[in-house]
Amino acid sequence: MPDDRSTLTRDEVAHLARLARLAVTEDELDLFAGQLDVILGAVARIGDVAAADIEPTSHAVPLQNVLRPDGVAPSLPRDAVLAGAPSVEDDRFRVPQILGEEE
Amino acid sequence: MSELFELSAAETAASIAAGHASAVEVAQAHLDRISDVDSDVRAFLHVDPEGALTAARAVDERRRAGEPLGPLAGVPLAMKDVVVTKGLPTTSGSKILQGWIPPYDATVTRRVREAGIVMLGKTNMDEFAMGSSTENSAYQVTRNPWDLSRVPGGSSGGSSAAVAAFEAPLSIGTDTGGSIRQPAAVTGIVGHKPTYGAVSRYGLIAFSSSLDQAGPFGRTVEDTALLHQVLAGHDPLDSTSIPQAGPDVVTAAREGARADLSGIRVGIVTELTGAGGGYQEGVLASFRNAVAILRSLGAEVVEVSCPHFDYALAAYYLIAPSEASSNLARFDSVRYGLRVGDDGSHSLEEVMSLTREQGFGAEVKRRIMIGTYALSSGYYDAYYGQAQKVRTLIAADFTRAFEQADVLVSPTSPFVAFGVGERVADPMAMYVNDLCTLPASLAGTPAISVPCGLSDETGPALPVGLQIMAPAMADDRCYRVGAAFEAAYIAAHGHILKGMPRLGSVGAGADGAAR
């Protein structure tokens, strides 16, 4: 299997985890670096297919401009929506501070 | 006399409509069966006796009042936990949604309730439907009723195990890369992945939006068709829902049961017959027998080549993780589910990262990171873009193949059920379970798995599935050919579940369904 991809490093995995908002542990970095590398090696053969002039398919059933009448319909009651939230204050979702101290 | 829980869904509905059994009696018989065997099988994450009996009482009252009942009124059903159910816990197999009670019903749930079907509870699954063994559930390991040391397939393994173990005659699964068909195959039941867009995705917790499709499980092709008919139909709440009516799959299943396939062209897909190795010999032997049965029913068997199917695994494991990495961004600790580290010292972004770290299991993290990688600038064209082009080529292979054949067949999975723990350490060993099911997922075409034999290659006799694939919106062909095959198989061997070892304290297993 041709694979000219360089090996995925621990630092690259840490970068991916940061992008994906996953506070992975040191142990996980070691585990995932190896596993992700094997998976990426296996899927790299996708590059073997000569597909330069082929249209990409994003959806099995091509549909365009799916519209509906712009009517008013009831939405979920506020209390029902907030009931599942981890933290609520003054009938709103309560979130931690947006800006960290270093930003 | 057979137990109520041994009846097929069609028999159960007929029995209730005729007044031979009440819906409450039927519901109670299944709740008792769950109490009897689910400590071994562990198919359910949540059982809802109160809700089930209330729904059953409503059916009985409607019958007494002389109101018309639907064809599945009073029939119990097990719902995969990826489907949102108002008032019933819904976790998608993940800790990040532990304790969440949805404020609304999925369209699938609504259709089930409106049909008078009695929902018994929610079934276990691989976390966010990512896996082929249900071992990626954050909660429990579901066991295969044929051999409790083995997996029930996945990701809809709770739903497949519940039906195989006679805990419910019907269940609902979702199939992104094979998650209905493979668990059906390895537990000896029927499972159908409808044409993409035939069943609404509104209220399914999204894994890979361009691939996810909900569908039915049953112990017979007719039962599976009856549930399909309830689920399918256009839904304005899902923009990818097909705005036309689908085919009449119930009639197709009933006509198919006459077991005459004269004039039907069946194509064997060269690339899915294990020529390159990797398939168990017992699976291939059952498949060859199945093809011989189809031929004996009058089908014309041809061989077709779909060269790009060899790249389906690579395309799938780029497209699905890419979409998952985007879809799962919604689990941000704000609107629902878990929140970790909200102690005043962490920013929102840190709380998000800590929550997702603690709330997601290893396979979910792996797929999110693979998706993040495949979508990142510099890699997008080589990975995600290229995978989408290969998807076009796979769909074109199907189009050409369906010029030569009315349906295509293959084994559903290269393997029979494997042991709990056997493949968890190696992600690729798990991914190859999906080899035969991925092409139809990528093309959005329908496919059914029907039991086609037993293999004792790895120890005890275990079920093998036959996959029957059809063109988009021709789901009826899957049911027609599947029912014909089933009729011939049962005539020769009896119902496959008759061969399953006895579970629980009452009932031998399959008298009712084993006509």
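Source: prediction; values computed, not measured.

**A short note on the overall build of chain A**
Next up, step 1: Helix and strand content of chain A: three helices and two strands.
Next up, step 2: Along the chain direction, N to C, the helices and strands of chain A fall in the order α-α-α-β-β.
Next up, step 3: Taken over C-alpha atoms, the radius of gyration comes to 23 Å for chain A, far larger than the 13 Å a tight globule of 103 residues would show.
Next up, step 4: Taking the principal axes of its C-alpha atoms as reference, chain A extends roughly 55 × 45 × 25 Å.

**Quick word on the overall build of chain B**
Next up, step 1: The helix and strand inventory of chain B stands at 16 helices and 11 strands.
Next up, step 2: Taking 2.2 N^0.38 as the reference for a compact globule, 515 residues should give roughly 24 Å; the C-alpha atoms of chain B span a radius of gyration of 21 Å, in line with that estimate.
Next up, step 3: Reported as C-alpha extents along the three principal axes, the dimensions of chain B are approximately 65 × 55 × 45 Å.
Next up, step 4: Classification of the 515 residues of chain B by burial places 66% in the buried group.
Next up, step 5: By sequence separation, contacts in chain B at least 24 residues apart represent 77% of the contacts at least 6 residues apart.

**Some remarks on the interface of chain B and chain A**
Next up, step 1: Taken together, the contact between chain B and chain A spans 60 residues of the former and 47 residues of the latter.
Next up, step 2: Of all the elements in the fold, those that place two or more residues in the side of chain B that touches chain A are α10 (312-327), α11 (348-359), α12 (362-375), α13 (381-404) and α14 (427-431) of chain B.
Next up, step 3: Broken down by element, the residue count for the side of chain B that touches chain A peaks at 12 residues, all from α13(B).
Next up, step 4: A breakdown of the residues in the side of chain B that touches chain A according to their chemical character gives 32 nonpolar, 17 polar and 11 charged.

**Focus: the sheet that holds strand β10 (residues 447-455) of chain B**
Residues and elements named next belong to chain B.
Next up, step 1: Taken in spatial order, the 11 strands line up as β1-β3-β2-β4-β6-β5-β10-β11-β9-β7-β8 in an open sheet, and their pairing is mixed. Sheet topology places β1 (44-47) and β8 (300-304) at the edges, where each strand pairs with a single neighbour. If you compare each strand with its neighbour and ignore which way they point, the axes differ by 30 degrees on average.
Next up, step 2: The strands that helix α2 (residues 23-41) touches are β1, β2 (76-80) and β3 (118-123); relative to β3, the one it contacts most, it runs at about 20 degrees.

**Looking at the packing of helix α9 (residues 281-296) of chain B against helix α16 (residues 475-493) of chain B**
Residues and elements named next belong to chain B.
Next up, step 1: Their axes nearest at 10 Å, the elements α9 and α16 cross at an angle of 105 degrees. Between α9 and α16, the interaxial angle falls into the category roughly perpendicular. Residues A290, I293 and L294 of α9 form the contact with α16, whose participating residues are F485, A488 and Y489.
Next up, step 2: Across the contact of α9 with α16, the residue classes break down as six nonpolar, no polar and no charged.

**Here we look at the pairing of β3(B)**
The two faces of a sheet get side chains in turn, since along a regular strand they alternate between them.
Residue and element names in this part refer to chain B.
Next up, step 1: Counting buried positions along β3 yields six of six residues, so the element is predominantly enclosed.
Next up, step 2: Bridge analysis of β1 against β3 gives three bridges, and the strand direction is antiparallel. Looking across to β3, one finds that V47 is bridged to G121.
Next up, step 3: Summarising the sheet, β2 and β3 pair through five bridges and their orientation is parallel. Bridging across to β3, K80 finds its partner in T123.
Next up, step 4: Chirality of the crossover, the property in question, places the unit of β2, helix α4 (residues 107-114) and β3 among those that are right-handed.

**Structural notes on the nonpolar core**
Within soluble globular proteins, side chains that are nonpolar generally end up buried alongside one another.
Residue and element names in this part refer to chain B.
Next up, step 1: Residues L77, V118, A315 and L318 are the most contacted members of the largest nonpolar core, which totals 194 residues.
Next up, step 2: Looking at this core element by element, the count peaks at 10 residues for α10.
Next up, step 3: With residues up to four places along the chain from it excluded, the contact list for L77 reads V112, I117, V118, M119, L120, A168, L170, S171 and I172.

**What about the pairing of strand β5 (residues 190-193) of chain B?**
Residue and element names in this part refer to chain B.
Next up, step 1: Going residue by residue along β5, you find V190 and H192 tucked away on one face and G191 and K193 tucked away on the opposite face as well.
Next up, step 2: The pairing of β5 with strand β6 (residues 213-218) spans two bridges and is classified as antiparallel. Within the sheet, the bridge partner assigned to G191 lies in β6 and is F217.
Next up, step 3: Relative to β10, β5 runs antiparallel, the two being bridged by three bridges. Bridge pairing in β10 places G191 opposite S449.

**What about the environment of B:D456?**
Residue and element names in this part refer to chain B.
Next up, step 1: With respect to the secondary-structure elements, D456 resides in the loop between β10 and β11 (462-469).
Next up, step 2: Between the C-alpha atom of D456 and that of L354, which follows or precedes it by 102 residues, the distance is 46 Å.
Next up, step 3: Residue contacts for D456: discarding those within four places in its chain leaves G282 and A461.

**A look at the confidence of the model for chain B**
Residue and element names in this part refer to chain B.
Next up, step 1: Mean pLDDT over chain B: 96, with 98% of residues reaching 70 or higher.
Next up, step 2: Here residues 510-515 is modelled with pLDDT under 50, and outside its nearest four sequence neighbours on either side it reaches 23 contacts, counting other chains as well.
Next up, step 3: Predicted complex metrics record ipTM = 0.91 and pTM = 0.96.

**Some thoughts on unusual backbone geometry**
All names here are of chain B.
Next up, step 1: In this structure, the amide linkage connecting G154 to the following residue, S155, adopts the cis form with an omega of 10 degrees.
Next up, step 2: Turning to its location among the elements, S155 is positioned in the loop between β3 and α5 (157-164).
Next up, step 3: Look at T134: it is not a glycine, yet its phi comes out positive at around 70 degrees.
Next up, step 4: Looking at the secondary structure, you find T134 in the loop between β3 and α5.

Rules behind the numbers
- Residues numbered from 1 in each chain as written.
- Chains lettered and ligands numbered in written order.
- Predicted model: local features only at pLDDT ≥ 70, side-chain atom pairs only at ≥ 80, totals over all residues.
- Helix = DSSP H or I, 4+ residues; strand = E, 2+ residues; numbered from the N terminus.
- Rg over C-alpha atoms; globule rule 2.2 N^0.38 Å.
- Buried ≥ 20, exposed ≤ 12 C-beta atoms within 10 Å, placed from the backbone.
- Contact = placed C-beta atoms within 7 Å.
- Nonpolar A, V, L, I, M, F, W, Y, C, P; charged D, E, K, R; others polar.
- Pairing = 2+ DSSP bridges.
- Axes fitted to C-alpha atoms, helices over the stretch in contact; angles between N-to-C directions.
- Parallel < 35°, antiparallel > 145°, perpendicular 65-115°, else oblique.
- Right-handed = clockwise from strand over helix to strand, strands pointing away.
- Core = buried A, V, L, I, M, F, W, Y, C linked by C-beta atoms within 7 Å.
- pLDDT = per-residue confidence, 0-100.

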